[in-house]
Amino acid sequence: MARTDAKKDVVIVGLGWTGAIMGMELAQEGLEILALERGPNRETVPEMRYPNMIDELSQGERHNMMLRPAQSTVTIRRNLNETALPMRKWGSFLLGNGVGGSGVHWNGQNWRPQPIEMQLRSHIRDTWGEEIIPEDMTIGDYPVTYDELEPYFDRFERVAGITGAAGNINGEVQEGGNPFEGWRSGDYPMPPLPVTYNGIKFAEAARAMGYHPFLRPGGNASTSYVNEYGMQMGACNFCGFCERYGCYQYSKSSPQTTILAALFRKPNFSYRTGAEVLRVEMAADGQTATGVTYFDEEAGEEVFQPADIVILAAYQIENVRLMLLSGIGTPYDPVSGQGVTGKNYGYQITGSTSMFFRDEHFNPFIGSGINGVCIDDFGMSANDFGALGFIGGAYISSAQTNGQPIRSMPLPQDTPAWGAEWKSGIAEWYGHQMSIGHHGSVMSYRGHYCDLDPTYRDRHGRPLMRITFDWHPNELRMNAYLKEKIEEIARSMQPDVMQSSYKDYNSRYDVRPYQTTHNTGGTIMGATPETGAVNRYLQAWDKHNVFVTGAGAFVQNTQYNPTGLVGGLAYWAVDAIRRQYLRNPGPLA
Amino acid sequence: MIFLRILAAFVLMGIMALVAIIWLPVSRSPLSESVPADWTASPGEGEYVMRAGDCMACHTAENGPDFAGGRAIESPLGTIYTANITPDPETGIGSWTLPQFRAAMIDGLRPDGAHLYPAMPYENYRMLTERDIRALYSYFMDEVEPVNSPVPEPELPLPFNQRWGIRVLNWAILSHDNGFDGTMGDPVLDRGQYLVEGPGHCAACHSPRTVYMGQDGIAAGEPDFLTGGFIAGQEAPPLRGQGSRIRHWPIQELTTFLATGRNFESTANGEMGLVVDHSLQHLTDDDIIAIARFLRAADRLQHEAPEEAVATGPLSIPYAQANAEGADTARMLTGAQPDMPLGARLYLDNCAQCHFVTGRGSPGIFPALQGNSLVTSSEIAPLVSIILQGARVEGTEKRPMPLVMQGYKDRLDDAEIAELASFLRQAWGNAAEPVTEAEVAEIRQSGEAIGH
Amino acid sequence: MTFPPEAPLFPPASRARRQFLQVSAASLAMVGLSAPFPAMAQADLPPLEDYAPEFFTPGEWAFVLAAVARLIPSEGAGPGAIEARVPVFIDRQLDGNFGQASDWYMAGPHQADAAPEFGWQTPLSPAEVYRAAIPVFDDWCRDTLGAPFAGLETEAQDEALTRLEAEEVPLAPEIRDFFKILLANTKEGYFSDPIHGGNHGMAAWVHIGFPGARAHYLDWVGQHNVRYPLGPVSISGERA
């Protein structure tokens, strides 16, 4: 029934950002590598080609670039007492699919964490004392520091072609950059993009209040770019179709534009699409993995793919599920607090204030995925957790990423949702609105975790991932604080109409409105097998030839979009594999 | 016109031939250098000569096995099919001896004494060294997989199907000695000269043709050498002399173009795309630099070597601002006024995303349309075909990403494409004749006929 | 290789004669993206009253025509849902993947009365929701207002929709979100690219000033507080 294919040195599960990075770096070692991708192949042309790609209904509304929930989804509950129900269609987050993974449909917003976010528990203990940490908050220290990761953040930014203005080069604050960012060894590889009117208005207002505005960094090219692999990007034209879309003009940082064509030239690398990995197979002694079993869509059969090294490079949710399905690490138990696999599921919290200016023109369809101005004056390193009564931080920004009218039609609250007044309202207000929002951290908690759903199964009969998550008072307090700060800036801009959209203290997690696809944790790093599912090199503590990449490694979520840390950790881990593991396979920590 | 001129030439040659063919035996050229009998090529040497000679582009059919021939070569005179040059004894060249192989390469002769059609650039390969010929022979005999695959007979009308006529032609075009002697006075420039004149057979496309269909300028020093020609309905732009755009390229842009098929303002499309894909990208950096230096020296330009043939990333290259010639067009497009001409509107709606209002593209990735010979050529088919069907620049070792433009045949009708193409040919200081709807229709139909 | 098999040695007689090399049409066809744009220009479409629905029954069709005409009415500036051919859009959507929920996870058990924050939990597909809900709502209109929805005066239709939106029309949990779905689909049909059957002539985009699929604004990023002047282009290349 099941086919067994010839053994490979390395099998990679998932061909998104980290699968591509791992594949490229290990292919340079001459290893025989196979990557298995459950979704379809995707190339700039034809799959993302203009003009067909920029169809708001198909991509924005119907999620054609995403994993089909029919193939696999998650179940959600807010606490241990609820019955989790499946996310039958995407809402709160959108799981990617296919070659390039989420690196195809992201906006490109790329940040590094702040140094203190990596050693958060120690930082709090040393500054305010551990007693300010709520009893159910399970934050910790990453078993790797910002300083150790800096060269790997830098490497990822140069591979991915990130634009931006440095705020701190080797400890020296740079004019025009983010003065709150961690030190960087050099400037961004590309200068920042220009910014639309909303960004300038926000920057002026923020500066007038003593804040430190800067242009958002990210993976939308501002010039032509060539990276170390010879891969190329062309300058972004602000088409206004970034997130949920593949970039038709080679301007967005993605595995396709920065790694894959170079990787595909390597004779020792190959990949399969329509190959959904079902589980990792273990040696009889349970100490190592022997390969993976996947479902070959084309052949309609299960295939055992033997390999010396297994790299789980799927999205966070699927990585956790594969670990649980395969018995890697001890499943986390939220009651006893024992176990690690599935622990510390994290997310992010957002809110925004909308401003309407009747006589001003914003041309909202002019946008890029990263377009906007940010301030980090309320970020982790700036906040006095002891005085504020919450642990966390956020950057505040005015973005303008798209004016696609089905989803981006903000109207004053007193406008009816339909009828003649709605019709006149859309003409009156489209193009006369801007917003300021925050993008905030979410800490880890004892009751927020991932495990296997007892009821709902995928088409292969495997349990779906169950997520238990809700808003915690700590984050809701931070959210209220940020609302106050944002509204203060917004009021100073004297809009004709101003309205806010923030969670209140009664808000429960709602799967319907899109928020962010920044799901983290579950395969967390730890300095010991008791505190993490993987060690500081993303190596499974109990199966030394299994490595697990991605945001699942986040001990707690940061205040930023996760890709910069995900990319940095991937280069950090693969460097350890190249330097140490290949020479001497065994536990690296 | 051209057809009649060629026909007249053939008739004239035919009369001469009637006399000459009877009296003069077929001859093979003498050795141009002595090579020890026990000389053998070093590993990879023969394959490298094959790459330098770009044998694969012509001798491999679309989606066909390597070197099994069968690619149709169309000319106004009819269609011929390239030979199977795999070592298959029945349908390929497996039974050929080295002298027979050599005669094909430099004298255009088959083992049976019949003449090869001059689509085979033996006029240029005639300059191959004896060592390279032997290395190439070993490569085809020992390293290429035999493929049993017969090739169709040529589809040529009288008198062009008479191979003996070629014999007369060859008296005209094979008057130069075989073998190579560098004339540049510098070993690197001589190496570049050899690659360009001999295996690279650049003159086959980039030199004009004489009325006898020979290349008008096959070697440095001849006045029309590489001053521009036509191939496959595409203009092969001048590589030297008046009107040569590459004269103005920094030398590293030239080497980058040769090695990767793309540079700060141009991409290699059509036949040149094949040359980069099958040949140039496989050459060493030293050889690419030697070619570039020779081309510049042959045009009496400075020819210092660049630091590297292709710059290594990371590189951030700002896009070009509108220049003086392009300023008016760029300003009009930037204005985005609803009353702009239709061609300009179509440009904004379809092209400006990548080629920008400046018409200068994004360096290294999207080519400039301003001053682009493919846009302004008297041959409009390449431009119109690219608008209809799109284009693809293959990835190369140093720039691995394929650059693909989607086609617009479903989005634009013939009248719109005529408006758009005419706009491109007259924008940013371009000054070429407009394109008509009927011409677009003809190109669209010929494209559909071959399955696009 | 993606090149047509030719390489003539000689300049062709006609400058329009020869084909050039291209992206292979086969590679587009392989990924199922080669469907041609609608051959018929939008202006040539048959009138809405002559449209033969693929999904809706005549009674349902009458309801949809009447309902979307109130959700986005024709009076005032800009197109109404009828002028935008929103009913055609909805019919095509319900007849396709969306209507059948074929991309969604629809396995049981279902808990249709779950808290709204759990999202779509009805066992019904969108098409089934329309099919089940329209007669229930029409019955309610008949009982409460004296006629099925399509037969009511416009003021009564507005009242009926207002009460449907306010959840004052008793609906089983399986179809409780009917109004939300109908309104969302109506706006989708109004604002989506005309290739999907609605937004006829891109009039909804013109109405708000959205330039559609032009996708080139680099030169306008720095033109602050200046209204972008150029009308839209659609995926199939229509201009307005």
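What counts, and at which threshold
- Residues numbered from 1 in each chain as written.
- Chains lettered and ligands numbered in written order.
- Predicted model: local features only at pLDDT ≥ 70, side-chain atom pairs only at ≥ 80, totals over all residues.
- Helix = DSSP H or I, 4+ residues; strand = E, 2+ residues; numbered from the N terminus.
- Expected span 1.5 Å × (residues − 1).
- Buried ≥ 20, exposed ≤ 12 C-beta atoms within 10 Å, placed from the backbone.
- Contact = placed C-beta atoms within 7 Å.
- Nonpolar A, V, L, I, M, F, W, Y, C, P; charged D, E, K, R; others polar.
- Domains from an automatic or database assignment.
- Pairing = 2+ DSSP bridges.

As for helix α7 (residues 197–208) of chain A
One turn of the α-helix equals 3.6 residues, which is why residues spaced by three or four share an orientation.
Residue and element names in this part refer to chain A.
Okay, so step 1: Compared with the 16 Å implied by 1.5 Å per residue over 12 residues, the 17 Å span of α7 between its first and last C-alpha is a close match.
Okay, so step 2: Residues of α7 that are buried: Y197, N198, G199, K201, F202, A203, A205 and A206.
Okay, so step 3: Elements that come into contact with the buried residues of α7 comprise β17 (372–375), β18 (394–399), β19 (433–440) and α12 (473–492).
Okay, so step 4: Just beyond α7, the residue with positive phi is G210, at close to 90 degrees.

Thoughts on the environment of Q252(B)
All names here are of chain B.
Okay, so step 1: With respect to the element layout, Q252 can be found in helix α10 (residues 251–260).
Okay, so step 2: Taking the number of C-beta atoms within 10 Å as the measure of exposure, Q252 has 19 and is therefore partly exposed.
Okay, so step 3: A sequence separation of 113 residues divides Q252 from Y139, and the C-alpha atoms of the two residues are 32 Å apart.

Things to note about the interface of chain C and chain A
Okay, so step 1: The partner chain A presents 56 residues to the 55 residues of chain C that form the contact.
Okay, so step 2: Counting residues per element, the ones that place at least two in the side of chain C that touches chain A are α1 (25–30), α2 (58–71), α7 (178–191) and α8 (203–208) of chain C.
Okay, so step 3: Per-element accounting of the side of chain C that touches chain A gives the leading share, 4 residues, to α7(C).
Okay, so step 4: Broken down by class, the residue content of the side of chain C that touches chain A amounts to 31 nonpolar, 15 polar and 9 charged.

As for the domain arrangement of chain B
All names here are of chain B.
Okay, so step 1: As assigned here, chain B comprises domain 1 (2–24 + 45–173), domain 2 (187–298) and domain 3 (327–449).
Okay, so step 2: In this assembly, 22 residues from domain 2 lie in contact with 22 residues from domain 3.
Okay, so step 3: Counting only elements with at least two residues in the side of domain 2 that touches domain 3, the list comes to β4 (234–236), α10 and α11 (270–278).
Okay, so step 4: The dominant element in the side of domain 2 that touches domain 3, judged by the number of residues it contributes, is α11, at 4 residues.
Okay, so step 5: Here the residues of the side of domain 2 that touches domain 3 sort into 6 nonpolar, 11 polar and 5 charged.

Structural notes on the interface of chain A and chain B
Okay, so step 1: Taken together, the contact pairs 28 residues of chain A with 23 residues of chain B.
Okay, so step 2: Breaking the side of chain A that touches chain B down by element, the ones donating at least two residues are β9 (224–226) and α8 (255–264) of chain A.
Okay, so step 3: Tallying contributions element by element places β9(A) first for the side of chain A that touches chain B, with 3 residues.
Okay, so step 4: A per-class count over the side of chain A that touches chain B returns 15 nonpolar, 9 polar and 4 charged.

Re the sheet that holds strand β21 (residues 463–468) of chain A
Residue and element names in this part refer to chain A.
Okay, so step 1: Taken in spatial order, the 4 strands line up as β5-β4-β21-β20 in an open sheet, and their pairing is mixed. Of all the strands in the sheet, the pair left with one neighbour each is β5 (85–86) and β20 (449–457).
Okay, so step 2: Relative to β5, strand β4 (residues 74–77) runs antiparallel, the two sharing 2 bridges. Residue pairing in the sheet places T75 in a bridge with P86 of β5.

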